[in-house]
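Descriptive structure summary
Listed below are the residues making up each chain.
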Amino acid sequence: MKAGTGHQTLTLTGLRFDANLGILESEKLAPQPIQVDAELSLGTQPLLPHDDDINHVLDYRKVRQIIITECTAEHVNLLETLIGKLAHRLMQLPGVLGVRVKIAKLEIFEDCEVAIRMETGQW
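Looking at an unreviewed UniProt entry, the protein chain carries the name Dihydroneopterin aldolase, with the source organism given as Rhodoferax potami.

Written out as structure tokens, the structure is:
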């Protein structure tokens, strides 16, 4: 009996770390906390992998590290710039057909969170 296929999405939710981001003087002096949510469309995949080997799938440890590295590499003025760079980098990963990413600045206002969401590729 052959197992079927399904559409697979890798999701990382609530990844929090400090990044050098923003145009305000205080933002240029010190990193601030952001939160990143990412969804990677891996397209049609077999319901059962042909083997149980990490080397034959997209390793989410690598995806997590790429997100952190891309967002902390240098100071970026605009959230729009950062999210575009991150989406572009994630689209380059093997097997990734589409990317949805959200970056939130957690402490810019006392009464709300500010975030931008971007979607690219195939879903």
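Next up on the list: the UniProt feature "domain: Dihydroneopterin aldolase/epimerase" (unreviewed entry) in the protein chain. In the UniProt entry, the feature "domain: Dihydroneopterin aldolase/epimerase" (unreviewed entry) is given for residues 10-120. In the segment residues 10-120, helix accounts for 28% and strand for 36%; the C-alpha atoms at its two ends are 15 Å apart.

The biggest cluster of nonpolar side chains holds 29 residues, and the ones touching the most others in it are Ile67 and Leu90. Elements with a contribution of two residues or more to this core: strand 1 (5-19), strand 2 (32-46), helix 2 (60-72), helix 3 (79-91) and strand 3 (98-105). Ranked by residues supplied to this core, first place goes to helix 3 with 6 residues. For isoleucine 67, the residues in contact, after removing those within four places along its chain, are Leu12, Leu15, Phe17, Val36, Ala38, Leu86 and Leu90.

The subject of this paragraph is the pairing of strand 2. Extensive coverage of strand 2 is indicated by the burial of 11 of its 15 residues. Pairing of strand 2 with strand 3 involves 8 bridges; the strand directions are antiparallel. When the bridges of strand 3 are listed, serine 41 appears paired with glycine 98.

An ideal rise of 1.5 Å per residue puts 18 Å on 13 residues; helix 3 measures up with 18 Å between its terminal C-alpha atoms. Residues Leu79, Leu82, Ile83, Leu86, Ala87 and Leu90 constitute the buried set of helix 3. Projection of helix 3 onto a plane perpendicular to its axis shows the buried side chains occupying an angular sector of 130°, all on one side. In this fold, the buried residues of helix 3 make contact with strand 2, helix 2, strand 3 and strand 4 (114-121).

What counts and how
Residues numbered from 1 in each chain as written. Predicted model: local features only at pLDDT ≥ 70, side-chain atom pairs only at ≥ 80, totals over all residues. Heavy atoms only, no water. UniProt positions renumbered as here; feature names shortened; annotations may be inferred. Helix = DSSP H or I, 4+ residues; strand = E, 2+ residues; numbered from the N terminus. Core = buried A, V, L, I, M, F, W, Y, C linked by side-chain atoms within 4.5 Å. Buried < 20%, exposed > 50% of the residue type's maximum accessible area, 1.4 Å probe, protein only. Contact = heavy atoms within 4.5 Å. Pairing = 2+ DSSP bridges. Expected span 1.5 Å × (residues − 1). Arc of directions from axis to C-beta.

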